[in-house]
Amino acid sequence: MKLQNLDIEKYKEHALGCLLGVACGDAMGMPTSMLSPDEIRNIFPERITSFLPAPEGHVIHNGMVAGQITDDTQQAMILVKLFLEEGRISRDGVARKLIEWGESLNAFDSLILGPSSLRALKMIREGVPVDEAGYLGDTNGAAMRIAPIGVINPGNLQRTLKDVIEVCVPTHNTNIAIAGASAVACAVSAGMAGASLDELIEAFFYGIKEGMAYDKKWFGASLTHRTEWALDIARSGKREETIWQDLYNYIGAGVAITEAVPTALALVVYYGGDPVRTIEAATNMGGDCDTVGAIAGGIAGAYSGAGNFPLEFLEKIEAINNLHLNDHVSRLAERVLAGMEILK
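A. The arrangement of the overall build of the protein in detail. The helix and strand tally for the protein stands at 18 helices and zero strands. For 344 residues, the compact-globule estimate of 2.2 N^0.38 gives 20 Å, and the C-alpha radius of gyration of the protein, at 18 Å, lies within 12% of that figure. Overall, the protein is about 50 × 50 × 40 Å in size when its C-alpha atoms are taken along their principal axes. Taking all 344 residues of the protein together, 60% fall into the buried category. Of the roughly 13400 Å² that the protein leaves accessible, carbon and sulfur atoms contribute 49%. Computed over 28 positive and 43 negative side-chain charges, the inter-centroid distance for the protein is 5 Å.

B. Representation of helix α11 (residues 197–212) within the structure. Here α11 is 16 residues long and its end C-alpha atoms lie 23 Å apart, about the 22 Å a rise of 1.5 Å per residue gives. Leu-197, Leu-200, Ile-201, Ala-203, Phe-204, Gly-207, Ile-208 and Gly-211 are the residues of α11 that are buried. In a view along the axis of α11, the buried residues occupy a sector of 160°, so they form one face of it. Exposed residues lying more than 90 degrees from the buried face of α11 are Asp-198, Glu-202 and Lys-209. Tucked into the core, α11 has its buried residues touching α9 (157–168), α10 (175–192), α12 (223–234), α14 (257–270) and α16 (289–304).

C. Structural context of the packing of helix α4 (residues 91–104) against helix α5 (residues 115–125). Their axes nearest at 10 Å, the elements α4 and α5 cross at an angle of 100°. When the axis of α4 is compared with that of α5, the two are roughly perpendicular. On α5, the residues that touch Ala-95, Leu-98, Ile-99 and Glu-103 of α4 are Leu-121, Ile-124 and Arg-125. Its residues placed into classes, the contact of α4 with α5 shows five nonpolar, no polar and two charged.

D. Seen up close, the pattern of salt bridges. Within this structure, the stated rule accounts for eleven salt bridges. With a closest N to O distance of 2.5 Å, Arg-41 and Asp-38 form a salt bridge. One end of the pair, Arg-41, and the other, Asp-38, are both in helix α2 (residues 37–43), three residues apart, so they sit about a helical turn from each other. When the shortest N-O distance is used, the salt bridge between Lys-238 and Asp-246 registers 2.9 Å. Overall, the relative accessible area of 10% leaves Asp-246 in the buried class. Here the residues in one salt-bridge network are Arg-47, Glu-240 and Glu-280, joined through shared partners.

E. Spatial organisation of the side chain of His-172. Among the secondary structure elements, His-172 is positioned in the loop between α9 and α10. Residue classification places His-172 among the buried positions, given a relative accessible area of 0%. Residue contacts for His-172: discarding those within four places in its chain leaves Ser-116, Ser-117, Gly-134, Gly-137, Asp-138, Thr-139, Gly-141, Ala-142, Arg-145, Ala-177 and Ile-178.

F. Quick look at the nonpolar core. Tyr-11, Ile-149, Leu-247, Leu-267, Ile-299 and Leu-332 are the most contacted members of the largest nonpolar core, which totals 116 residues. Beyond its immediate stretch of four places on either side in the chain, Tyr-11 contacts Leu-6, Val-151, Ile-152, Pro-154, Met-192, Val-329, Leu-332, Ala-333, Val-336 and Leu-337. With six residues, the next largest nonpolar core counts Leu-157, Leu-161, Cys-186 and Ala-195 among its residues.

Conventions used here
- Residues numbered from 1 in each chain as written.
- Predicted model: local features only at pLDDT ≥ 70, side-chain atom pairs only at ≥ 80, totals over all residues.
- Heavy atoms only, no water.
- Helix = DSSP H or I, 4+ residues; strand = E, 2+ residues; numbered from the N terminus.
- Rg over C-alpha atoms; globule rule 2.2 N^0.38 Å.
- Buried < 20%, exposed > 50% of the residue type's maximum accessible area, 1.4 Å probe, protein only.
- Areas by Shrake-Rupley, 256 points an atom, 1.4 Å probe, with all protein chains shown as cover.
- Lys, Arg positive; Asp, Glu negative; His and termini not counted.
- Charge placed at Lys NZ, Arg CZ, Asp CG, Glu CD.
- Expected span 1.5 Å × (residues − 1).
- Arc of directions from axis to C-beta.
- Contact = heavy atoms within 4.5 Å.
- Axes fitted to C-alpha atoms, helices over the stretch in contact; angles between N-to-C directions.
- Parallel < 35°, antiparallel > 145°, perpendicular 65-115°, else oblique.
- Nonpolar A, V, L, I, M, F, W, Y, C, P; charged D, E, K, R; others polar.
- Salt bridge = Lys/Arg side-chain N within 4 Å of Asp/Glu carboxyl O.
- Core = buried A, V, L, I, M, F, W, Y, C linked by side-chain atoms within 4.5 Å.

See the structure below:
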């Protein structure tokens, strides 16, 4: 994919947009995550357009405050920090960092980790080789943290695919999970390179095709056909809330990677890459809202850039979570663009 005059300022604009999209999608979707559409309407009668605390008694996020991120963003930032520390992405590094993070949060004795990651990381802690632990991983945890891989490989889909495999092997070492993660990362990579929305969609399908060719075969619904169906729904011309309902009912918004990833892209396309409207839709639609929001927000943010978010979104995310996104983006820009020999 051809880079379109990617200088340091454009890189930072789109990299920040991506990481902010992940964090905002995660934080806004946090209170509605794992709720059905009817439950969301009962608890939140008004459409959610801002950050809210988790409702009392939430099955996973009870006690979390407005604007607080979850494991989706935390794991994405682990990849950012790993790349900045080591200059590369390796499966051993990913496994080590995820285990350190999980132990720091007591995640192995709670519901913080998703099922695939929890099972695989426990196995690695017990001595199972990294290459063997993720053999059953087929959930959306592979895609929720993957956006930084597109950020560090702008316009380079082949390198993106290689790094996706390194990220996925420890916890999601199946072709279906790698295909879903590759689709997301390739879409981000395309967005970082200044792709049109059609080119971004093309990169998404390329990621699916190449990921499904990975040799660790696993079963599940076709990501290609699910995504085509999801895009048909997004382009159907129906009312907005009917689009949400059809995506939720027919494609799904749950923890299966074959649900969350196609639905996330459909929302990005329906809203023309507008990250805020995309995130709001994921928040209000129901299902695994924080993860669908993080995936869709990361893609839309990479495509549209940070300037399409209200400044107060970044201020809120930083005030609550201290992510230091601008600092990380500046360091990424220096390392990535210097490595590509196009630093201006």
